[in-house]
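One-letter residues, chain by chain:
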Amino acid sequence: QQVWRAKFSSLAPVDLKRAMQSLGSPNEDEARAVDARQEIDLKLGCSFTRFQTKYFQGKYGDLDTNLISYGPCQTPTLWFCVKRHDEITSFQPESFYTIDVEVSKAGRDLALEWQRGQVFDLPVATTFKELITAGNAPAYVTDISQKEDRQPRPQALNTVAMLKMASTRLGIGPQQAMHMAEGLYLRGWLTYPRTETNTYPANFDLRAAVHAQSGHPHWGQYAGELLQKGLARGRDGVDMGDHPPITPVKAGTEAQIGEGWRLYDMVTRHFLATVSGDCKFMRTKVRFEVNGEEFSLSGRKVIDPGFTKIQHSGEMEDVHVPDFTKGEKVPLKKVAVGSHKTRPPPYLSESDLLSLMEKNGIGTDASMATHINNICERNYVTLSEGRRLVPTKLGIGLVHGFQLVDNELVIPRVRGNIESSCTLIAGGKAQCEQVVHHVLKIFREKFMYFVKHVDLIDQLFESTFTSLEAAGRPISRCGNCNKYLSVVDRRPVRMFCKNCDRVYKMPQNGQIKLYKELRCPLDNFELVFVANKVGKSYPLCPMCYDDPPFGAKNAAGKHWELEHPIYQKYRPAVMSCFAENCPGTLCLDVDSAPKWQIDCNICMQQLQIFGDKAHKIKVSPDYCEECGSKMLTVIFNKTKSPLPDGETEKTACLACDELFNSLTTSGTSKGFFRRNPGKGKGKGKGGKKGG
């Protein structure tokens, strides 16, 4: 069967029609390269991540992350951040000195630039100052030069350049910017946002793209002027043959575009800038001499703003220099020795990190944003002011630990070699199976060596993190040894038994406390109580949650399992959840009195029932004949009973009974889903299973 591929970079009708008229065959070599990269990354990432997560989370209580992940791209990305952190912490400031000279001209005080720049010895700087001030010598104007200069227009926009601009100019992170750009593409506002090409192909219709913007209320007039005087040729760059640079497809206003407008505005202005003229300016430099020491004063005057006229930032301002004449003597107003200290480099910004990743071949244009987002989500780095990435003690400890065991696990060169091999596959110069086998063989040996020497990382962690025992608080009894289990409240929340040397995973979104000193009938562990901020609470057996007695597949995605004897007693099932696409079951919270509620065992759906009117509620063994839900037997408070003639007890269906239904509200939606009797909407006994 023949498979055809349509290649297009925007969803504009003309591009789609052109693609359908020039169908081609898929490139099997490129597909194989993608397969190779995926298999390598998956196997390496899973192996290292699983081992180090289980190893370190079983020993330390304040790692503050659910997953201690390793990735062939993610970890070198973190290495760049930690390397800069190490440069900052090891930096030794050094004093240096300048000669600060000011002259006065046309009522202005002008600071001159010393041609020597700076010196690092104070006695030397003092000697130069004395030399300059000797005899009250004036500053002689030795030369005045003027030269026309220009700032070149920007290159066409590829993915990495777009992400860097979004971070520095808009304060939008790479992951969010990528998500916005994809949304704008799917809605037909931008061309395909994943491209490495930064030069316009010869067949790209620049005039049509500019003409599409000529009616825009903000830059339409500028676009029209460009068309009249002619477009500048786009700067030369790299054509990777994938997709053309990112450009607007059509004109749109903020009201039309909504979310993503700022990014669309940035991309469109940048596109117009790429086909505008260079910024031209006249540079003026005045040279002075004072007792043999040379100084200068520089200024500029914009002749033609060119592309800077359309951009929000980067517009050049004039720096005025008064009129001097060659040979003129100008008296000195100030001569002083300026004292300064060298400064360490700043932490890497998102833009800096993207540049380093691109330079070293870490990730692709499509994945770089994800790698940066991952090291933030794993709590390896934090985002500080100016969108700079500051490594945490966990990120620093991991990188330093990897370097102790095997430096090649973190340095970017190894990943760069893998990317080069995948490029060879894409070009038909290497076999996919051979490359994958070769890489996995190398890393299998590295993994075994890492496992054998992981204690080197452990030694680093011991001086940085708190042991599991010190971080936990005793809470309930272990079912195996009857000693106390302790709970670690910091991420990832977990319980552990020191005596049995066993760690139990726990829900991550609730506060944990002891539950009535009751024990699980299946394993004799004392039950704990999980309560989260939205009001959903339930008892839990640490052993059954960590090792589900009815199978991990059955327990997946559920707060509790209906088959478990704990929940048959303390969270009895009532009816199927009515939330959209939820297969769960609504269960009575027997601990919620006097403000009774019903909770779903899967989603966050919650019902408040009977207000403060009910004294006691019990789930009846009988089913509703109309909808299949379990009946509720309710004993109302004598003074608040809604029943006629002073009655206090009634058994009925919550979904079908008009009174019960009227006394029920939903805590997670606008109102309780009202059911009509006889419509079969309870989905209870014969409906979907809540599991």
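What you are looking at is a predicted structure, and each value in this text was computed from that prediction instead of being measured. (Residues numbered from 1 in each chain as written. Predicted model: local features only at pLDDT ≥ 70, side-chain atom pairs only at ≥ 80, totals over all residues. Heavy atoms only, no water.)

Q: How should helix H6 (residues 174-186) be read in this particular structure?
A: The periodicity of an α-helix, 3.6 residues per turn, causes residues three or four positions apart to be oriented the same way. Between its first and last C-alpha, H6 extends 18 Å over 13 residues, near the 18 Å set by a 1.5 Å rise per residue. Listed as buried for H6 are Pro 174, Ala 177, Met 178, Met 180, Ala 181, Leu 184 and Tyr 185. Looking down the long axis of H6, one finds its buried residues gathered within 165° of arc, a one-sided arrangement. Among the exposed residues of H6, those oriented more than 90 degrees off its buried face are His 179 and Leu 186. Looking at the packing, one finds that the buried side of H6 touches helix H5 (159-170), helix H9 (254-257), helix H10 (261-274), helix H11 (350-360) and helix H12 (368-377). Following H6 by one or two positions, Gly 188 adopts a phi angle in the positive range, close to 85°. (Helix = DSSP H or I, 4+ residues; strand = E, 2+ residues; numbered from the N terminus. Expected span 1.5 Å × (residues − 1). Buried < 20%, exposed > 50% of the residue type's maximum accessible area, 1.4 Å probe, protein only. Arc of directions from axis to C-beta. Contact = heavy atoms within 4.5 Å.)

Q: Teacher, can you tell me more about empty space enclosed by the protein here?
A: Empty space among the atoms becomes apparent when a probe as large as a water molecule is rolled across them. Enumeration over the complete set of coordinates arrives at one cavity of 30 Å³ or more. Approximately 50 Å³ is the volume attributed to the largest cavity. In terms of residues, the lining of the largest cavity owes the most to one element, helix H14 (residues 412-426), which gives three residues. Within the lining of the largest cavity, the residues separate by chemical class into ten nonpolar, no polar and two charged. (1 Å grid on protein atoms, 1.4 Å probe; cavity = no way out; pocket = protein on both sides within 12 Å on 5 of 7 lines; lining within 4 Å. Points joined across faces, edges and corners; volume = space filled by probe spheres on them. Nonpolar A, V, L, I, M, F, W, Y, C, P; charged D, E, K, R; others polar.)

Q: Could you clarify how one ought to interpret helix H2 (residues 28-57) in this entry?
A: Across its 30 residues, H2 extends 42 Å between first and last C-alpha, which sits within 8% of the 44 Å expected from 1.5 Å per residue. Every buried residue of H2 is accounted for by Ala 33, Ala 36, Arg 37, Ile 40, Leu 44, Gly 45, Phe 48, Thr 49, Gln 52, Thr 53, Phe 56 and Gln 57. Lining the buried residues of H2 we find helix H13 (393-405), H14, helix H15 (432-452), helix H16 (455-462), helix H17 (468-471) and strand E12 (494-497). The opening residue of H2 is Asn 27, an N-cap whose side-chain oxygen sits 3.0 Å from the backbone nitrogen of Asp 29. (Polar contact = N/O pair within 3.5 Å; in protein donor to acceptor, adjacent residues only side chain to side chain.)

Q: Sorry if this is basic, but what is going on with the nonpolar core here?
A: Soluble globular proteins tend to bury their nonpolar side chains together. Membership of the largest hydrophobic core comes to 93 residues, with the highest contact counts inside it found for Met 162, Leu 263, Leu 272, Leu 353, Phe 443 and Phe 461. Formed by 32 residues, the second largest nonpolar core is a distinct cluster that contains Val 574, Cys 577, Cys 603 and Leu 643. (Core = buried A, V, L, I, M, F, W, Y, C linked by side-chain atoms within 4.5 Å.)

Q: How should a negative patch on the surface be read in this particular structure?
A: Residues Glu 196, Asp 239, Asp 242 and Glu 358 make up a contiguous surface patch of negative charge. You can see Glu 196 is positioned in the loop between H6 and helix H7 (206-211). What makes Glu 196 partly exposed here is its relative accessible area of 40%. (Patch = residues over 30% accessible without salt bridge, like charges linked within 9 Å, V, L, I, M, F, W, Y side chains within 5 Å. Areas by Shrake-Rupley, 256 points an atom, 1.4 Å probe, with all protein chains shown as cover. Salt bridge = Lys/Arg side-chain N within 4 Å of Asp/Glu carboxyl O. Lys, Arg positive; Asp, Glu negative; His and termini not counted. Charge placed at Lys NZ, Arg CZ, Asp CG, Glu CD.)

Q: Where do I start with the pattern of salt bridges in this structure?
A: A side chain of one charge can pair with a side chain of the opposite charge if their charged atoms are brought near each other. This structure, assessed with the given rule, holds 33 salt bridges. A salt bridge links Glu 28 to Arg 32; its shortest N-O distance comes to 3.7 Å. Taken together, the positions of Glu 28 and Arg 32, both in helix H2 and four residues apart, correspond to about one turn of that helix. Classification of Arg 32 as partly exposed rests on a relative accessible area of 34%. In this structure, Lys 59 engages Asp 458 in a salt bridge whose closest nitrogen and oxygen atoms are separated by 2.3 Å.

Q: Which parts of the structure should I look at to understand the sheet that holds strand E3 (residues 139-151)?
A: Where strands meet in a sheet, backbone hydrogen bonds hold them as pairs that are either parallel or antiparallel. Ordered by their spatial adjacency, seven strands build an open sheet running E6-E3-E4-E5-E2-E1-E7, and the pairing between neighbours is antiparallel. Bordering the open sheet on either side are strand E6 (329-330) and strand E7 (332-341), each of which pairs with just one other strand. Examined bridge by bridge, strand E4 (residues 279-290) and strand E5 (residues 293-304) share eleven bridges and lie antiparallel to one another. Directly across from Val 290, in E5, lies its bridge partner Glu 293. Contacting strand E1 (95-105), strand E2 (108-114), E4, E5 and E7, helix H4 (residues 122-133) crosses the sheet at an angle of about 175° to E7. (Pairing = 2+ DSSP bridges. Axes fitted to C-alpha atoms, helices over the stretch in contact; angles between N-to-C directions.)

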